[in-house]
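What follows is the residue order along each chain.
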Amino acid sequence: MRQIGRCRAHTNIALIKYWGKRNNDLFLPMNSSLSLTLDAFYTDTSVTLDSNLEMDEFFLNGMKQDKDETKKISRFLDLFRQTANSDVHAKIESYNHVPTAAGLASSASAFAALAGAANTAWQLNLDKQTLSTYARRGSGSSTRSIYGGLVEWNMGEGDISESSYAIEIDDASWDIGMIVIAINKNKKKLSSRIGMKLTVDTSPFYPVWVTEAKNDLIAMKEAIKQKDFIKLGEITESNGMKMHATMLGATPPISYWEPDSVKAINKVKEIRNNGIPCYVTMDAGPNVKVLCRQSQMSDILDKLKESFTNDQLICSAVGEGIKQLTDTEWSY
Ligand code: ADP
Ligand code: DP6
Ligand code: CO
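This one's a predicted model, so the numbers in the text were calculated from it and none came from an experiment. (Residues numbered from 1 in each chain as written. Chains lettered and ligands numbered in written order. Predicted model: local features only at pLDDT ≥ 70, side-chain atom pairs only at ≥ 80, totals over all residues.)

Q: Mind showing me how you'd approach the nonpolar core here?
A: Note on soluble globular proteins: their nonpolar side chains tend to be buried together. Counting residues in hydrophobic clusters, the biggest one holds 85 residues, and the most contacted among them are Leu36, Ala112, Leu114, Ala118, Ile179, Ile181 and Val290. Viewed by domain, this core spans two of them, domain 1 (2-173) and domain 2 (177-316), each represented by three or more residues. Once residues within four sequence positions are removed from consideration, Leu36 is found in contact with Asn12, Ile13, Leu15, Leu150, Ala172, Ile176, Met178 and Val318. (Core = buried A, V, L, I, M, F, W, Y, C linked by C-beta atoms within 7 Å. Buried ≥ 20, exposed ≤ 12 C-beta atoms within 10 Å, placed from the backbone. Domains from an automatic or database assignment. Contact = placed C-beta atoms within 7 Å.)

Structure (structure tokens):
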């Protein structure tokens with residue numbers, strides 16, 4: 001038997017962050033979050049079911065991955081095997097068009113693409129909402145990458161896995177874009193998973209973070225309803241900074257920043273003070289993302305070029321949700 005599924009998913013950058021789980025096994029978050037899907041960064045993944053295989057095989061960017069990485073994927077695919085009542089193994093081939101594990105949300109596009117491909121390979125026909133709950137159990141942020149535009153991941157209730165999924169709340173077609181300032185594309189030393197657990201377990205600021213994130217989400221949804229870009233940007237910047245402040249309170253303190261992250265933040269402030277609205281957010285890595293109006297991107301880019309090289313600056317439009325890839329679209 002050989003059945004194949006191929007899927008593309010784009011990364012997403014949270015404007016209201018997810019940083020902490022209330023249930024580590026089920027990847028249930030402490031707070032709801034909200035993100036923007038990016039067109040410029042994505043993962044393509046194929047899942048080929050093969051009854052001749054004795055275990056799953058996982059290739060990332062053409063390289064066979066070790067036991068530990070493969071085990072993570074196998075455990076995730078077990079969810080699909082259980083649903084399909086199948087015990088067949090798979091060859092997984094994935095290509096990241098985003099730096100891996102550098103704070104640019106590779107885990108988000110990765111598990112959304114894998115979920116989409118597995119859904120097709122096992123012919124499960126799961127709807128997007130269900131797929132979003134499955135993706136979540138590979139990496140929390142991937143819950144949101146099932147959809148395009150502005151996406152909310154609802155925290156759900158108690159320990160009920162099915163209650164925590166994402167929905168597209170706005171297609172973000174009102175002049176929004178994002179510039180990534182790449183400070184360091186290497187693999188981070190502390191994964192998001194471990195970083196957030198340490199923060200939940202040890203930061204005295206953690207309860208305040210949860211309250212703030214909940215209030216920020218309410219205010220941001222109102223700003224989105226009114227298509228108020230300035231409000232959207234202000235809340236984005238403030239929420240991201242509060243997440244990083246909460247991490248600094250952990251024992252040992254956590255910081256993903258590098259000196260050039262601060263340089264980028266200051267440059268964005270300077271551009272803003274000169275009259276162009278643009279706002280920063282950062283994730284679990286030193287790279288800085290700039291939320292801006294798509295129509296003002298090239299002006300902002302000119303200013304950023306005074307401080308950063310061309311290949312450090314990547315512009316992105318708003319991205320779409322997952323899509324199945326045909327044979328001809330699979331170009332590897
Ligand atoms: P990021 O900021 O890139 O999301 P994370 O620490 O959250 O960093 O996750 C990185 C991890 O996600 C990698 O170490 C790897 O285990 C997994 N990952 C990344 N890309 C893929 C992929 N295409 N397929 C499967 N797993 C992936
Ligand atoms: C800072 O989704 O990568 O990017 O669920 O443990 O895989 P796991 O973590 P992950 O965490 C993302 C954290 C963040 C904020 C966000 O994307 O909401
Ligand atoms: Co991640």
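Q: Explain the site of ligand 1 here, please?
A: With respect to spatial proximity, 21 residues lie near ligand 1, and among them Ser94, Ser106, Ser107, Ala110 and Ser192 are the closest. For the shell around ligand 1, the secondary structure elements donating two or more residues are helix H1 (67-84), strand E7 (90-97) and helix H2 (106-121). The element contributing the most residues to the shell around ligand 1 is H2, with 4 residues. Along the lines of polarity and charge, the residues of the shell around ligand 1 split into 8 nonpolar, 11 polar and 2 charged. No fewer than three residues from each of domain 1 (2-173) and domain 2 (177-316) sit in the shell around ligand 1. (Near = placed C-beta within 6 Å. Helix = DSSP H or I, 4+ residues; strand = E, 2+ residues; numbered from the N terminus. Nonpolar A, V, L, I, M, F, W, Y, C, P; charged D, E, K, R; others polar.)

Q: For this particular structure, what's the right way to read the domain arrangement of the chain?
A: When the parts of a complex come together, some accessible area is lost, and that lost area is often used as the size of the interface. For the chain, the assigned domains are domain 1 (2-173) and domain 2 (177-316). Taken together, the contacts link 27 residues of domain 1 with 35 residues of domain 2. Listing elements by their share of the side of domain 1 that touches domain 2, those giving two or more residues are strand E1 (2-16), strand E4 (33-50) and strand E9 (166-170). With 6 residues, the top contributor of residues to the side of domain 1 that touches domain 2 is E4. Here the residues of the side of domain 1 that touches domain 2 sort into 17 nonpolar, 6 polar and 4 charged.

Q: Would you mind showing me how to read the site of ligand 2 here?
A: Close contacts around ligand 2 come from 15 residues, with Ala14, Ser139, Gly140, Ser141 and Arg193 the closest. Partitioned by chemical class, the residues of the shell around ligand 2 number 6 nonpolar, 6 polar and 3 charged. Here the shell around ligand 2 spans two domains, since at least three of its residues come from each of domain 1 (2-173) and domain 2 (177-316).

Q: Which parts of the structure should I look at to understand unusual backbone geometry?
A: Peptide bonds are, in most cases, trans, and in most cases residues other than glycine have a negative phi. At the junction of Thr251 and Pro252, the peptide bond is cis and its omega measures out at -10° in the coordinates. In this structure, Pro252 sits in the loop between helix H6 (229-248) and helix H7 (259-273). Even without glycine at this site, Phe27 takes up a positive phi of about 55°. The topology assignment puts Phe27 in the loop between strand E2 (21-23) and strand E3 (28-29). The exposure class assigned to Phe27 is buried, which follows from the 23 C-beta atoms found within 10 Å. At Asp175, a residue that is not glycine, the phi angle is positive and equals roughly 65°.

Q: Quick question: what am I supposed to make of the UniProt feature "domain: Mvd1 C-terminal" (unreviewed entry) in the chain here?
A: UniProt marks residues 179-312 with the feature "domain: Mvd1 C-terminal" (unreviewed entry), using the numbering shown here. With 55% helix and 10% strand, residues 179-312 has its two end C-alpha atoms placed 10 Å apart. (UniProt positions renumbered as here; feature names shortened; annotations may be inferred.)

Q: What's the story with the environment of Ser51 in this structure? I'm lost.
A: Relative to the helices and strands, Ser51 is located in the loop between E4 and strand E5 (57-60). Measuring from C-alpha to C-alpha, the distance between Ser51 and Asp299 comes to 55 Å, with 248 residues separating the pair along the chain.

Q: What is the right way to read the sheet that holds strand E13 (residues 313-316) from this model?
A: Sheets are built from strands paired through backbone hydrogen bonds, the pairs being either parallel or antiparallel. The 4 strands are arranged E11-E12-E10-E13 in an open sheet whose pairing can be described as antiparallel. Looking along the sheet, the strands with just one partner apiece sit at the ends: strand E11 (278-282) and E13. Shown here is a sheet whose adjacent strand axes are inclined to one another by a mean of 25°, direction ignored. Sheet analysis places E11 next to strand E12 (residues 288-292), joined by 5 bridges and oriented antiparallel. (Pairing = 2+ DSSP bridges. Axes fitted to C-alpha atoms, helices over the stretch in contact; angles between N-to-C directions.)

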